[in-house]
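Results of the structural survey
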Amino acid sequence: MSSAIESSSPSVEIHNRQGSGPAVILCEHASHHIPERYHDLGLKPEHRCSHAAWDPGARAVAVTLSAMLDSPLVASRISRLVYDCNRPPEAESAMPERVEVIDVPGNHQLTADERLARVEAVYRPFCDAVTRVIAERASRRTPTVLITIHSFTPSFHGQARTVEIGILHDVDRRMADAMLAQATRLPHRRIERNAPYGPEDGVTHSLKRHGIDNGLANVMIEIRNDLLATPEGEEALARELSQLIRPALASLGMAPAAGEGQQDA
């Protein structure tokens, strides 16, 4: 497996594009980078690297899973506050003015032209990269499941979240059901369906656009970010997730690639 990182544009990175494993992995909130032209969106310094700006730990987990599963990873290189690649252009939350208690002055009163410029700079390159990777695999007749990796904050609007791993789905629940059937492999983890978010919260855009619309089984994985506070934690959670993903893929008739992180339980 090649570990080469390909930059398809300043806003997108692709890992292991030729990977032959049975998944395409997405990480829409992989970076807190805000290009200079957006002037830090007027954010306070303490908010520029907060959970509002990205999903801490998600990229590291996604990169490790890409290697373990020998599968391509497409990741955004731009903060979700500039444009959230898991939202359609018409959604207000694609360029939010506020996230929980964090105000985003640079997103206030954006004009239609300003919104379109961000769509063209961030969202379309990401979607185009995903489309190309999926099309290339289809041309090679490589079976594919779409997996998106996210993390979430342990407390939101003052409410503690006890769930540790969320397995999310929209109308296609095949991969989610298959992973949840393996939850007993991680008895020390609190694993829940469609938590801490669900389709009603508008978080399944990527699953619908890149998974369901292409006829691919799909799942969104949410990890509580206090579990990803160190490189060791990121590595451990990737290995734990592989214990759910590998047998789930096998149950769908897609034998995962043999490799690092494979464990029997």
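Basis of the calculations
Residues numbered from 1 in each chain as written. Predicted model: local features only at pLDDT ≥ 70, side-chain atom pairs only at ≥ 80, totals over all residues. Heavy atoms only, no water. Helix = DSSP H or I, 4+ residues; strand = E, 2+ residues; numbered from the N terminus. Rg over C-alpha atoms; globule rule 2.2 N^0.38 Å. Buried < 20%, exposed > 50% of the residue type's maximum accessible area, 1.4 Å probe, protein only. Contact = heavy atoms within 4.5 Å. pLDDT = per-residue confidence, 0-100. Salt bridge = Lys/Arg side-chain N within 4 Å of Asp/Glu carboxyl O. Bend = angle between axes of the 7 residues up to and from the residue. Axes fitted to C-alpha atoms, helices over the stretch in contact; angles between N-to-C directions. Parallel < 35°, antiparallel > 145°, perpendicular 65-115°, else oblique. Left-handed = near helix turned anticlockwise from the far one by under 90°. Nonpolar A, V, L, I, M, F, W, Y, C, P; charged D, E, K, R; others polar. Phe/Tyr/Trp six-rings, centres within 6.5 Å; stacked < 30°, edge-to-face > 60°. Polar contact = N/O pair within 3.5 Å; in protein donor to acceptor, adjacent residues only side chain to side chain. Core = buried A, V, L, I, M, F, W, Y, C linked by side-chain atoms within 4.5 Å.

Across its full length, the chain holds five helices and twelve strands. By the compact-globule yardstick of 18 Å for 265 residues, the chain fits well, its C-alpha radius of gyration being 17 Å. When its C-alpha atoms are laid out on the principal axes, the chain stretches across 50 × 45 × 35 Å. For the chain, with 265 residues in total, the buried portion stands at 57%. Within the chain, counting contacts between residues at least 6 apart in sequence, those at least 24 apart form 79% of the total.

Detailed conclusions should not be drawn from predicted coordinates in areas where pLDDT is low. Residues at a pLDDT of 70 or more form 94% of the chain, whose mean pLDDT is 93. Counted against residues more than four places away or in other chains, residues 259-265, with its pLDDT under 50, gives 17 contacts.

Enumeration according to the criterion identifies 16 salt bridges in this entry. Linking Asp-84 and Arg-80 is a salt bridge whose minimum nitrogen-to-oxygen distance equals 4.0 Å. In terms of burial, Asp-84 and Arg-80 fall into one category: buried. Close ionic contact of Arg-173 with Asp-177 constitutes a salt bridge, the shortest N to O distance being 3.0 Å. By relative accessible area, which is 40% here, Arg-173 ends up partly exposed. Within the structure, one salt-bridge network assembled from shared partners comprises Glu-164, Arg-189, Arg-224, Asp-226 and Glu-240.

This next bit is on helix H2 (residues 112-139). Of all the bends in H2, the largest measures some 40 degrees and sits at Val-119. Two residues or fewer after H2 comes Arg-141, characterised by a positive phi angle close to 60 degrees.

Now for the packing of helix H1 (residues 58-68) against helix H5 (residues 231-251). One can describe the packing of H1 onto H5 by two numbers: an axis separation of 9 Å at closest approach and a directional angle of 50 degrees. Relative to H5, the element H1 is oriented oblique. Where H1 crosses over H5, the two elements pack in a sense that is right-handed. Residues Ala-60, Val-61, Thr-64, Leu-65 and Met-68 of H1 form the contact with H5, whose own contacting residues are Glu-234, Glu-235, Ala-238, Arg-239, Leu-241, Ser-242, Ile-245 and Arg-246. A class-by-class count of the residues in the contact of H1 with H5 yields seven nonpolar, two polar and four charged.

For any pair of aromatic rings, the description consists of the separation of the ring centres together with the inter-plane angle of the planes. Under the definition given, this model contains one aromatic pair. Summarising the aromatic geometry, the rings of Tyr-83 and Tyr-123 are spaced 5.1 Å apart at their centres and angled 40 degrees between planes, so their arrangement reads as tilted. Within this pair, whereas Tyr-83 is found in the loop between strand E4 (73-76) and strand E5 (98-99), its partner Tyr-123 is found in helix H2, the two being separated by 40 residues in sequence. Comparing Tyr-83 with Tyr-123 shows no difference in burial state: the two are buried.

So, on to the side chain of Arg-118. Following the sequence through the fold, Arg-118 ends up in helix H2. Within polar-contact distance, the side chain of Arg-118 engages the backbone oxygen of Val-82 at 3.1 Å. At 3.1 Å, the side chain of Arg-118 forms a polar contact with the backbone oxygen of Gly-106. Sequence-distant contacts of Arg-118, that is, excluding residues within four places in its chain, are made with Tyr-38, Leu-41, Leu-81, Val-82, Tyr-83, Met-95, Gly-106, Asn-107, Leu-110 and Tyr-123.

Turning our attention to the nonpolar core. Leu-41, Val-74 and Tyr-83 are the most contacted members of the largest nonpolar core, which totals 38 residues. Within the residue set of this core, elements represented by two or more residues are strand E2 (12-15), strand E3 (23-27) and H2. With nine residues, H2 is the single largest residue contributor to this core. Sequence-distant contacts of Leu-41, that is, excluding residues within four places in its chain, are made with Ile-34, Leu-81, Val-82, Val-104, Pro-105, Gly-106, Asn-107 and Arg-118. By size, the runner-up hydrophobic cluster in this structure holds 37 residues, among which are Leu-65, Ile-147, Ile-165 and Leu-241.

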